[in-house]
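Letter by letter, the chains look like this.
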Amino acid sequence: MKNFLLLLVLFANHSNAFAQYSRYIVRLKDKASSGFSISDPSKFLTQRSISRRARYNIPVDQTDLPVTQRYIDSIRLSGNVTILNTSKWLNQVCILTTDAAALAKINSFSFVVAAAPIAARAQSIVQPVNKKIDALVDSAAPPSAARPQSPADVYNYGLAYPQIHLHNAEFLHNYGFKGEGMQMAIMDAGFYHYQTLPTFDSVRKGNQVLGTWDFVANEISVNEDNPHGMACFSTIAANMPGSFVGTAPKSSFYLYRTEDVTSEYPVEEQNFVAAAERADSLGVDIFSVSLGYDQFDNSAFNYTYSNMDGNTSIISRGCDLAAKKGILIVAAAGNEGNNNWKYIITPADADSVLSVGAVNAAKQVAAFSSYGPSADGQVKPDVAAIGSSTVVADPNGGGTIYGNGTSFACPIMAGIVTCLWQAFPEVNNMSIIDVVRKSSDNAGTPDNRTGYGIPDAKKAFVLLLKKLYTQQISIGSDCKATITFTVKKASNMNMVIERKLPTDNNYTSVSTTNFAGDFLAGTFNYTDDLSSLTIGTIVKYRLKMTIAADTSFYMDSVSLTYGQTCNLTTEKITISPNPVTDKLTVVIATTSAATAAIIIYSAAGQRMYTTTQQVSGSQTITIPMKQMSKGVYYVTVLINNKKTAVKKIIRN
């Protein structure tokens, strides 16, 4: 914003100095008479986009409304003007013009805040000096060999195994989370030959590319442009068993060209926001953004480090708005570690993005990976993935080559979080980012190179299981502990209930639930009979879940005091005959094992007889009455020390 306002002042006072510019941003005051209403979002959002908002309780607001069409028409008709794209989130229009009179007319419109330049004329562009596109390396060996992968893994990852296993991402794939049903938008400089390279055979066969658009040339095709986006795409979508498999090979994709490799100007940030809005309206879940900006071919547009505050650049504001719509954004941290700039570049500074630095397969930080923090003190980058000697697709034939740059670490991580979110759609984008940070190997002491560290997909999976887990444990009036728990589970997972009494040295297993079926939430019950315990006994329970042969963890533990709310349910007590001459019969029927005491008192209150017995179910107790004198007696029955019945009888 600071740069935009500076250029606005310069433009207002020295308009002839801007003859070199041909692209401008026109900022609008409002969305009056747009013809759309937030009460009817189906007119401008797909049902998938509306459903995402509903799932995460995100309201449709004024930023969702399209730019007022009559404003766009007035701008277009003001002279020799071409509308390049619009941003409803920022309420601005990007135009192409060299017509000074048209610019003056546009600035005179009552609905216009101002128009300011954002990119040079094509003929004035020389070889760009500030592009941040990473280079592919024809031959580079990884720094260390990965351990052999398990033959039980569903994919044979080939050379890509190190960049999968570094994050335990094969765990997600093995449980069936490969990106199905998830949609990702990739914004980049082009996707050279993705339509023919064998790397993407599976993607093409599965019709997983849902749409494309070139926001630079305003055309549908992105297949003939720069290979950088294709290389990034390959780290996610490749599916060549034994050679190269990506991190989310079953996802669906929108491929958007927003980066113009012939120059470096803020118009590319505007292109990104236009692409982000299109993706949002279609219902996309995740963005992979291997783009970044700090210095431009015209220094008047340059950012300073203080601008890396998450709120200044067009692209960081666009990313944060996308995050508010429920989209998860993964962005490359930048490759400035060896340069004078050194720090992250935008949009890695955005408040609500997961920014990714680069390491190699041995977990060593790549020297080129940009340093954090952001200018406003955020931990940046957030996490790290393999961006040094990364396996990517060769644009010349589709084999594998190596690439260096955070541009490749970014999509690797984007694919992993896609699979993780596929498993846990109940939680929102920021919850996924939170557990990815917490699962990382430097979570306790984040630094300015890898942030929270290298994420572990299995640990993140466990954190989300715990986040969604609920339980209730109580002792009822029937002297039984009832344990009810709700958990997401699948086949090959189980839950063990363990108990510890004061007389036990260790916890012992009292129940094992073996789960079956798909990974879905289920509610389960276990009842533990405690009636044989002494009132006041402290009973401890804990629940241990196993999700893999090498992964078990405790969900929760609880201590209960037996007897506080425990009242044995006595079904029936029968005392007969009455009057009695010889033998009195007491029949006690209980729902569980109990201690029964029978006491007979004379009419004067003298205790004449006592017996205590363990009873269970229906039990008959015979009391000799013949030796007692004739008269009135009172029979009292206590169950577990509680007076349960008193009956007057006559001895004949």
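### A few points about the sheet that holds strand S22 (residues 538-548)
And step 1. Here four strands make up an open sheet; going across it, the order is S20-S19-S22-S23 and the pairing antiparallel. Whereas interior strands pair on both sides, the edge strands pair on one side only; in this sheet they are strand S20 (508-514) and strand S23 (551-561). Across this sheet, the average inter-strand angle for adjacent strands is 20°, counted without regard to direction.
And step 2. Taken together, the seven bridges between strand S19 (residues 494-500) and S22 define a ladder with antiparallel strand orientation. Bridge pairing in S22 links Ile497 to Leu543.
And step 3. Against the sheet, helix H13 (residues 457-468) touches S22 and S23, its axis set at about 25° to S23.

### A short note on the packing of helix H12 (residues 429-438) against H13
And step 1. Packing of H12 against H13 brings their axes to within 8 Å, and their N-to-C directions diverge by 125°. Taken together, the axes of H12 and H13 lie oblique to each other. The hand of the H12/H13 crossing is right-handed. For the pair H12 and H13, contact is made by Ser431, Ile432, Val435 and Lys438 and by Ala460, Leu463, Leu464 and Lys467, respectively.
And step 2. Looking at the contact of H12 with H13 residue by residue, the class counts come to five nonpolar, one polar and two charged.

### Describing the nonpolar core
And step 1. The biggest cluster of nonpolar side chains holds 97 residues, and the ones touching the most others in it are Phe233, Met413, Leu420, Phe461 and Met545.
And step 2. Among the elements that make up this core, the one with the highest residue count is helix H11 (residues 406-423) (11 residues).
And step 3. For Phe233, the contacting residues outside a window of four places in its chain are Ile186, Phe191, Tyr194, Phe200, Val203, Val209, Ala238, Phe253 and Leu255.
And step 4. In terms of nonpolar packing, the next biggest core, distinct from the first, is built from 61 residues, Tyr21, Tyr256, Ala275 and Ile315 among them.

### Things to note about unusual backbone geometry
And step 1. With omega at 20°, the peptide bond leading from Thr346 into Pro347 counts as cis.
And step 2. In the segment running from Ser576 into Pro577, the intervening peptide bond is cis, with an omega of -5°.
And step 3. Examined against the element boundaries, Pro577 turns out to sit in the loop between strand S24 (570-576) and strand S25 (583-590).
And step 4. Despite not being glycine, Ser33 has its phi angle at roughly 55°, a positive value.
And step 5. Considering the arrangement of structural elements, one finds Ser33 in the loop between strand S1 (21-28) and helix H2 (47-55).
And step 6. Residue classification places Ser33 among the exposed residues on the basis of a relative accessible area of 58%.

### Some remarks on the sheet that holds strand S26 (residues 594-602)
And step 1. Here four strands make up an open sheet; going across it, the order is S27-S26-S29-S30 and the pairing antiparallel. The sheet terminates laterally at strand S27 (607-615) and strand S30 (642-651), the two strands that pair on one side only. Strand-to-strand twist across the sheet, computed as the mean angle between neighbouring axes with direction ignored, equals 15°.
And step 2. Here S26 pairs with S27 via eight bridges, running antiparallel. Opposite Ala594, over in S27, you have Val615 as the bridge partner.

### Comments concerning the side chain of Asp153
And step 1. If you trace the backbone, Asp153 turns up in the loop between strand S5 (136-137) and helix H5 (161-165).
And step 2. Note on Asp153: relative accessible area 13%, which makes it buried.
And step 3. Setting aside residues no more than four positions away along its own chain, Asp153 makes contact with Tyr161, Glu170 and Asn174.

### Observations regarding the packing of aromatic side chains
And step 1. Tallied over the full model, the rule gives 26 aromatic pairs.
And step 2. Measuring from centroid to centroid gives 5.3 Å for Phe171 and Tyr175, while their planes differ by 65°, and the two rings are edge-to-face.
And step 3. When the ring of Tyr265 is compared with that of Phe301, the centres are 5.7 Å apart and the planes differ by 85°; the resulting orientation is edge-to-face. Taken together, the residues Tyr265 in the loop between strand S10 (252-257) and helix H9 (267-282) and Phe301 in the loop between strand S11 (286-289) and helix H10 (314-324) connect sequence positions 36 residues apart. Phe301 carries the same exposure label as Tyr265, and that label is buried.

### Things to note about the pattern of salt bridges
And step 1. Overall, the coordinates contain 19 salt bridges when judged by the stated rule.
And step 2. Residues Lys43 and Asp40 are paired through a salt bridge, measuring 2.7 Å at the closest nitrogen-oxygen approach.
And step 3. Judged by relative accessible area, Asp40 falls into the partly exposed class, the value being 29%.
And step 4. Among the charged side chains, a network of salt bridges with common partners joins Arg52, Arg53, Asp61, Asp64, Asp280 and Lys325.

### Considering the packing of H11 against H13
And step 1. Look at H11 against H13: their axes get within 11 Å of each other, and the N-to-C directions meet at 25°. By the criterion of interaxial angle, the relationship of H11 to H13 is roughly parallel. Our pair here, H11 against H13, has a crossing hand that is right-handed. Of the residues in H13, those in contact with Ile416, Leu420 and Ala423 of H11 are Ala457, Ala460, Phe461 and Leu464.
And step 2. In the contact of H11 with H13, the residues fall into seven nonpolar, no polar and no charged.

### As for H13
And step 1. Taking 1.5 Å per residue as the helical rise, H13 with its 12 residues ought to reach 16 Å, and the 17 Å between its terminal C-alpha atoms agrees with that figure.
And step 2. Every buried residue of H13 is listed here: Ala457, Lys458, Ala460, Phe461, Val462, Leu464 and Leu465.
And step 3. Buried residues along H13 sit against helix H6 (169-174), H11, H12, strand S18 (480-489), S22 and S23.

About the cut-offs
Residues numbered from 1 in each chain as written. Predicted model: local features only at pLDDT ≥ 70, side-chain atom pairs only at ≥ 80, totals over all residues. Heavy atoms only, no water. Pairing = 2+ DSSP bridges. Helix = DSSP H or I, 4+ residues; strand = E, 2+ residues; numbered from the N terminus. Axes fitted to C-alpha atoms, helices over the stretch in contact; angles between N-to-C directions. Contact = heavy atoms within 4.5 Å. Parallel < 35°, antiparallel > 145°, perpendicular 65-115°, else oblique. Left-handed = near helix turned anticlockwise from the far one by under 90°. Nonpolar A, V, L, I, M, F, W, Y, C, P; charged D, E, K, R; others polar. Core = buried A, V, L, I, M, F, W, Y, C linked by side-chain atoms within 4.5 Å. Buried < 20%, exposed > 50% of the residue type's maximum accessible area, 1.4 Å probe, protein only. Phe/Tyr/Trp six-rings, centres within 6.5 Å; stacked < 30°, edge-to-face > 60°. Salt bridge = Lys/Arg side-chain N within 4 Å of Asp/Glu carboxyl O. Expected span 1.5 Å × (residues − 1).

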